[in-house]
Every structure is written in structure tokens, then in C-alpha cells.
Amino acid sequence: MGFLTEEELQNTFALASDAVYFATPDGQTKYYGFGKQAELIGASFDQVQEWLTTLKKDEPKPVFGGFAFDNQQIADSELMNGYFMQPAIVYDVVNHKSSGQPIDLVRHQTNFNTTIKQITDEIDWPVRIQEAIDEMKQNKQHAKVVLGRQRQVALSDPLDEKQLLKKLQSSQSTSYHFVLKHCDELFVSATPERLVKITNGKLATAAVAGTIKRGTDVASDQALADTLWHDAKNRIEHETVVATIKERLQAAQVQALTVPDEPQIMKNPQVQHLYTPITGQLAPDSNLLQIAAALHPTPALGGKPRDWALAEIAQIEKQPRGLFSGPVGMIGPDGDGEFIVGIRSMWYRENLATLFAGAGILADSDAQMEYQETALKLLPMMNLLKEQTENDG
């Protein structure tokens, strides 16, 4: 039997009780994993590192999963409070290799007739973030806090997961794809943002902060990019992230750090960002999880100072984040791997999709404009849901 086609892999994902799909925007990495040989729920960075040493070595396979953003708990969820799994079988699509044993599929094919029944937004969000803006105006030591909001979308019927994977690939080709399924819960991210990648001791990370919408044509798109690049508020926000990442990597003894002096523009379907790639060489006694722990959360997801920002997030946001904006990704058998930041994301359970988007708030932020920015950032997942209602049957 030959290697499974993409269609067959997507179909298997939909029918499996536990599954993962991970792909990078450069096309160099694409994995599907089904079933679970081992799992770890709600663990810290150190606990995951210890767990890795217990996994069977006779048939090495990568592990996939994510850490919750902070210590706040989401009730009745095994997935959102941090979850890692080693699949029973892993398909490396790029290299046409598989490892492990095929699983028995427990679910049955379903005809989908899904509609959106209700959308619930946090319409008081601008009022709540105004409190943070006022606080930063009063205390100049408090430089930035990233505040998120969640949107609940009630559906009439289950998601068509095969259709969701297809649409994710076609509509978000410039982003990472991370889809993790555990029993009846699903976490989906189309993030543009890498936290850290390690390959043979080489480290790569990036600062992604500062946002503006896309234009309607090439000229307007470029004009908006120029506005973003020259905007003082966005440049300060971006420089804060770059400086903090550099500081934390130096503290982790990363060598040969390369940090460009000025940002580039990263373009995604709905928005464009200021983007600075950062590279270095891992210290001999360091590893992927140690660097991920040192970087998380960067000021692009938490704020600065970190402890104050985390306290503001816990106080102002209505719901715990869970995997939303947490480090999610994969670790290979050799310890190399990649963690990305779980934004542009959605958590689905029992016909209810919860979407997350955040914005970097500074002392000179405009609360209503930040609300509009988060609406743009919700679009990748909203479009996936709308596609479900238009292509059923």
C-alpha cells in the first residue's frame, strides 16, 4: 500500500478520536498524526521534558501539543489546559514517510448541514481595555499589555473537520497550521508567529508586533504597509518585543545572535505586520523547551513588564486563555522541533466554537481602533466557520 493521499489523510483526521495536523508556511514541514501512543495533560515545560525521556525509543516519533498561556484553568477541558500526545502513527507528508501502526477509526462518516445559530461578542471589551490604557498613562513603567477577547459561535451541527482542513490550507497559505484533536475537543490555529525553532543547534525566532489591515489593491496595500512601517506607536510596540526577545536569548546563553536593525513587512490575508527574524546558536547544554520557556510569553502576547502584564490579563480578560496564545507545536525524537504562538485560533467543543484575538495596548492606544483590529484578527477562523455553512452536504 502506498503513502496516503492528502484527501485520505484529511478523511482519517475527521474519523479519528485523537489526531494532529501541523504544517509550516514554507512548505518544508507537514505532519499528520492519528491515535495516541502516549499523552500528558496539563504539564509544565519541565514536566514535558521529563516525560520525553519516558517515551519508547524502539520506534521514534515526534510529539505534538501545547502549553496553556498561564496557570488559569478552563473547567472540564483536558485539551485547553495544556496537552501533549505522541500519536500511534505519524505521516511525514513532505518526505513521504510514516512511522507507527495504523489505528482503528472509531467515528462514522456524517452528512453535515451546519448553520451558525448565534454569535456572542464581548462588546464591553473597549471599556475594559480603557482601564489598562489609563493605568499606563499614569505609570510610565507599565509599557504594554496584550489584551484578548473571545467570541462564541454556536453551531447547529458538528464541524466538518475534513472541510475545515481543506479550507485552512487554501485560505491561510502564508500561516502556520496547527490543529489538535483530543476526543471531542478541537484546537485550531492559523498563526503567522513562530516562538522558536531549533535545527541542529541553530535557533530561529521572530518578533511579530504592529498591525494594519490589507489594502484593496496593490497600491493601497503598499500605502498601508508604508503607514505601518513609519507609525511611531507600532514601531515602539515592535521594538519592545525585539529588545525583550534579544535580552531573554542572551540570558539563555544563545550565541551568535543576529538581530536586524529594522523590521520587514509580513503579509497575511487579512492583516500585515511588522516582522523581525532573529537567529542564533543554541548553547550546548540548552534545548528547545528551555528556550520556549524563556521566551514565553513575549511582549507580543503578554506585555512589559511581564508580571504586571500577566496580572492585568488575568484581571481584565473575562475568560482564561488556555491554549489561546500559548506555545503549541512539535518536538522531534532528536530534540529538534518548533513552537509557534497559538493565535488566530479557535477552540471547538459540542457545537460551540470559541474564537480568540488580541491586540497590543499602549498608553496612546485607541480602545475602539484596537477592537476593530481584533475583529480583523478573528476573520481567519470566522471564514473557516462560514465556509462550513456554505459547503455542506
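Let us look at the structure shown here. Every value quoted in this text rests on a predicted model; they were computed, and no experiment measured them.

Some details on the pairing of strand 21 (residues 352–361)
Here is step 1: Taking burial as the measure, the 10 residues of strand 21 include 9 buried ones, the bulk of the element.
Here is step 2: Summarising the sheet, strand 9 (residues 144–155) and strand 21 pair through 10 bridges and their orientation is antiparallel. The residue bridging Val153 from the neighbouring strand is Ala353, located in strand 21.
Here is step 3: Note that strand 20 (residues 345–349) and strand 21 share 5 bridges and pair antiparallel. Note that in strand 21 the partner of Arg349 across the bridge is Leu352.

A short note on the packing of helix 2 (residues 45–52) against helix 7 (residues 288–295)
For any two helices packed against each other, one specifies the crossing angle of their axes together with the interaxial distance.
Here is step 1: Between helix 2 and helix 7, the shortest axis-to-axis distance is 10 Å and the interhelical angle comes to 170°. Between helix 2 and helix 7, the crossing angle belongs to the class labelled roughly antiparallel. Packed against helix 2, whose contacting residues are Phe45, Val48, Gln49 and Leu52, the element helix 7 presents Leu289, Ala292 and Ala293 at the interface.

Some thoughts on helix 3 (residues 125–138)
Here is step 1: Taking 1.5 Å of rise per residue, the 14 residues of helix 3 would be expected to cover 20 Å, and the 21 Å separating its terminal C-alpha atoms lies within 8% of that figure.
Here is step 2: Among the residues of helix 3, Trp125, Pro126, Arg128, Ile129, Ala132, Ile133 and Met136 are the ones counted as buried. One side of helix 3 holds all its buried residues, which, seen down the axis, span an arc of 165°. Exposed residues lying more than 90 degrees from the buried face of helix 3 are Val127 and Gln138.
Here is step 3: Contact partners of the buried residues in helix 3: strand 9, helix 8 (306–316), strand 21 and helix 9 (367–390).

Examining the nonpolar core
Most often, soluble globular proteins keep nonpolar side chains buried together rather than apart.
Here is step 1: The biggest cluster of nonpolar side chains holds 50 residues, and the ones touching the most others in it are Val48, Val145, Leu147, Val196 and Phe339.
Here is step 2: Core analysis: the second largest hydrophobic core is formed by 32 residues, Ala23, Tyr32, Phe34 and Leu186 among them.

Some thoughts on unusual backbone geometry
Here is step 1: Geometrically, the link from His296 to Pro297 is a cis peptide bond, its omega value of -15° lying close to zero.
Here is step 2: Mapped onto the elements, Pro297 comes out in the loop between helix 7 and strand 17 (303–304).
Here is step 3: With omega at -5°, the peptide bond leading from Lys304 into Pro305 counts as cis.
Here is step 4: Locating Pro305 in the fold gives a position in the loop between strand 17 and helix 8.

With respect to the packing of aromatic side chains
Here is step 1: Counted under the stated rule, the structure contains 14 aromatic pairs.
Here is step 2: Plain terms: the ring middles of Trp125 and Tyr371 are 6.1 Å apart, the flat faces sit at 40° to each other, and that makes the pair tilted. Taken together, the residues Trp125 in helix 3 and Tyr371 in helix 9 connect sequence positions 246 residues apart.
Here is step 3: With relative accessibility at 0%, the residue Trp125 sits in the buried group.
Here is step 4: When its relative accessible area of 15% is taken as the criterion, Tyr371 is described as buried.

A short note on the pattern of salt bridges
Here is step 1: In the structure shown here, the tally under the stated rule is 20 salt bridges.
Here is step 2: As a salt-bridge pair, Asp18 and Lys36 come within 3.9 Å of each other at their nearest N and O atoms. Remark: Lys36 occurs in the loop between strand 2 (30–34) and strand 3 (38–41) and Asp18 occurs in strand 1 (residues 18–23); sequence separation between them is 18 residues.
Here is step 3: Residue Arg151 is joined to Asp121 by a salt bridge in which the shortest nitrogen-to-oxygen separation is 2.8 Å. On the criterion of sequence distance, the pair formed by Arg151 in strand 9 and Asp121 in the loop between strand 8 (116–120) and helix 3 is long-range, its members being 30 residues apart.
Here is step 4: What makes Arg151 buried here is its relative accessible area of 13%.

A short note on the packing of helix 3 against helix 8
Here is step 1: Across the interface, helix 3 lies against helix 8 with an axial gap of 10 Å and an inter-helix angle of 150°. One way to sum up the angle between helix 3 and helix 8 is to call them roughly antiparallel. When you trace helix 3 past helix 8, the crossing you get is right-handed. Contacts between helix 3 and helix 8 involve Arg128, Glu131, Ala132, Glu135 and Met136 from the former and Trp308, Glu312 and Ile316 from the latter.

Here we look at helix 8
Note on helix geometry: an α-helix contains 3.6 residues per turn, so any two residues three or four positions apart are oriented the same way.
Here is step 1: Within helix 8 the residues assigned to the buried category are Trp308, Ala309, Glu312, Ile313 and Ile316. With its buried residues spanning 140° around the axis, helix 8 presents them on a single face. Exposed and facing more than 90 degrees away from the buried side of helix 8 are Asp307 and Gln315.
Here is step 2: Packing partners of the buried residues in helix 8 comprise helix 3, strand 9 and strand 17.

Re the pairing of strand 20
Regular strands place side chains that alternate from one sheet face to the opposite one.
Here is step 1: Counting buried positions over the 5 residues of strand 20 gives 4, a clear majority of the element.
Here is step 2: The pairing of strand 11 (residues 185–189) with strand 20 spans 5 bridges and is classified as antiparallel. Its bridge partner being in strand 20, Glu185 is matched across the sheet by Arg349.
Here is step 3: Linking strand 20 back to strand 21 in an antiparallel pair, the connection comprises 2 residues, with Glu350 at a positive phi of about 50°.

Here is what the cut-offs are and how they apply
- Residues numbered from 1 in each chain as written.
- Predicted model: local features only at pLDDT ≥ 70, side-chain atom pairs only at ≥ 80, totals over all residues.
- Heavy atoms only, no water.
- Buried < 20%, exposed > 50% of the residue type's maximum accessible area, 1.4 Å probe, protein only.
- Helix = DSSP H or I, 4+ residues; strand = E, 2+ residues; numbered from the N terminus.
- Pairing = 2+ DSSP bridges.
- Axes fitted to C-alpha atoms, helices over the stretch in contact; angles between N-to-C directions.
- Parallel < 35°, antiparallel > 145°, perpendicular 65-115°, else oblique.
- Contact = heavy atoms within 4.5 Å.
- Expected span 1.5 Å × (residues − 1).
- Arc of directions from axis to C-beta.
- Core = buried A, V, L, I, M, F, W, Y, C linked by side-chain atoms within 4.5 Å.
- Phe/Tyr/Trp six-rings, centres within 6.5 Å; stacked < 30°, edge-to-face > 60°.
- Salt bridge = Lys/Arg side-chain N within 4 Å of Asp/Glu carboxyl O.
- Left-handed = near helix turned anticlockwise from the far one by under 90°.

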